[in-house]
Amino acid sequence: VAGRRTGTMAEHKSRNYLLPGGVSRYGRSKMYQRKALYKRKKATVKKAEAKPDRFKQKSVRGDKNGGTRKVAVVRRTRYYPTEDNARPLKNRKVNKPTRLRSSIKPGTVLILLAGIHRSKRVVFLKQLPSGLLLVSGPYVVNGCPLRRVDQTYVIATNVQVDISGLKLPEKINDTYFRREKKARKSKNEGEMFEKEEQTYKVSDTRKADQKAVDQALLASVKKVPQLLQYLRSRFTLHHGQYPHAMAF
């Protein structure tokens, strides 16, 4: 018969058939778009929530008082502060200990990149609870004393010093480096506009601790050949030298 298709009917195949490997041809978002599911509205029935009563009936004595009266369930406060006091906001932040870089280990020689001792090479001793690094020159070698340094401003080298025999005093921590605040003296009218020059003097205890640490550290430094001259020299860059292309 003319107009009719002859042959076997094609087998029905899903539009989202599986590809080799068991992966669907279309993802969930693509099928959501092809089926036009976004046009269908979900019929949801909201449950009627019973609102709590703001007022309650209270019986009142007396013939001329009406018998009952509406009273608020939650009474408002009668005290209002004259000034607005700022309330501290809730803070759920927990201070996590700073993670030490994998290239920095006790005894690693570091290059300082900031501060008054920048470009000097120092020896890393330990990490303090605040996350800062405790380093030393030693002081008798390059003039860098016991200092706290942020690991962001240092370059770790491959040079290592064996400081397993070095025992640091327990008092050398973050509070050890805090400066003492001096009490202000009362000034007269003539001394009101006079400026006092504040000079920092190293205490005798700091000098004694520095000497003890340098003595033990210097013994370990001298065991490595040419390390003493390496710590005395400063890190410099010349024309055509790039830090990211160097191996320290």
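Cut-offs applied
Residues numbered from 1 in each chain as written. Predicted model: local features only at pLDDT ≥ 70, side-chain atom pairs only at ≥ 80, totals over all residues. Heavy atoms only, no water. Helix = DSSP H or I, 4+ residues; strand = E, 2+ residues; numbered from the N terminus. Expected span 1.5 Å × (residues − 1). Buried < 20%, exposed > 50% of the residue type's maximum accessible area, 1.4 Å probe, protein only. Contact = heavy atoms within 4.5 Å. Pairing = 2+ DSSP bridges. Axes fitted to C-alpha atoms, helices over the stretch in contact; angles between N-to-C directions. Patch = residues over 30% accessible without salt bridge, like charges linked within 9 Å, V, L, I, M, F, W, Y side chains within 5 Å. Areas by Shrake-Rupley, 256 points an atom, 1.4 Å probe, with all protein chains shown as cover. Salt bridge = Lys/Arg side-chain N within 4 Å of Asp/Glu carboxyl O. Lys, Arg positive; Asp, Glu negative; His and termini not counted. Charge placed at Lys NZ, Arg CZ, Asp CG, Glu CD. Phe/Tyr/Trp six-rings, centres within 6.5 Å; stacked < 30°, edge-to-face > 60°. Lys NZ or Arg CZ within 6 Å of the ring centre and 35° of its normal.

Engineer: For helix α3 (residues 204-221), give the residues involved together with the corresponding values.
Structural biologist: The terminal C-alpha atoms of α3, which comprises 18 residues, lie 25 Å apart, in line with the 26 Å expected from a rise of 1.5 Å per residue. Within the span of α3, buried status applies to Asp209, Gln210, Val213, Asp214, Leu217, Leu218, Ser220 and Val221. In the core, the buried residues of α3 are packed alongside β6 (121-127), β7 (133-136), α2 (139-142) and α4 (227-232).

Engineer: Explain the sheet that holds strand β9 (residues 154-160) to me, using residue names and the numbers behind them.
Structural biologist: If you walk across this open sheet you meet the five strands as β8-β7-β6-β5-β9, and the pairing is antiparallel. The sheet is open, and its two edges are formed by β8 (147-149) and β9, each paired on a single side. Each strand of the sheet is rotated relative to its neighbour by a mean of 45 degrees, with strand direction disregarded. Sheet analysis places β7 next to β8, joined by three bridges and oriented antiparallel. Note that in β8 the partner of valine 135 across the bridge is arginine 147.

Engineer: Before we move on, can you summarise a positive patch on the surface with the specific residues and values?
Structural biologist: Taken together, the side chains of Lys13, Arg15, Arg25, Lys30, Arg34, Lys35 and Arg40 define a basic patch exposed on the protein surface. Secondary-structure assignment places arginine 40 in the loop between α1 (28-34) and β3 (55-59). Owing to a relative accessible area of 61%, arginine 40 belongs among the exposed residues under this scheme.

Engineer: Break down the side chain of aspartate 209 for me, citing the residues and quoting the values.
Structural biologist: Within the secondary structure layout, aspartate 209 lies in helix α3. Setting aside its immediate chain neighbours within four residues, aspartate 209 contacts Lys171 and Tyr176.

Engineer: Which residues make up unusual backbone geometry, and what values do they have?
Structural biologist: Glycine 137 connects to proline 138 through a cis peptide bond whose omega is 0 degrees. Looking at where proline 138 falls in the secondary structure, it is placed in the loop between β7 and α2. A positive phi angle, near 65 degrees, is found at glutamine 226, a position not held by glycine. When you line up the elements, glutamine 226 lands in the loop between α3 and α4.

Engineer: For the packing of aromatic side chains, give the residues involved together with the corresponding values.
Structural biologist: Inspection of the entire model under this criterion finds two aromatic pairs. The interplanar angle of 85 degrees and the centroid separation of 5.3 Å between the aromatic rings of tyrosine 176 and phenylalanine 177 together place this pair among those described as edge-to-face. Here the two residues tyrosine 176 and phenylalanine 177 agree in accessibility, since each one is buried. Lying across the ring of tyrosine 26, arginine 34 places its NZ or CZ 4.5 Å from the centre. Taking the ring centre of tyrosine 230 as reference, the NZ or CZ of arginine 121 above it sits at 4.3 Å.

Engineer: Can you tell me about the pattern of salt bridges, naming the residues and giving the values?
Structural biologist: Close approach of charged atoms allows side chains of opposite charge to pair. Scanning the model with the defined rule gives two salt bridges in all. Aspartate 174 is the partner of arginine 148 in a salt bridge, and the nearest nitrogen-oxygen pair spans 3.3 Å. Of the two residues, arginine 148 is situated in strand β8 and aspartate 174 in the loop between β9 and α3; the sequence distance between them amounts to 26 residues. Looking at aspartate 174, the relative accessible area reads 13%, which means it is buried.

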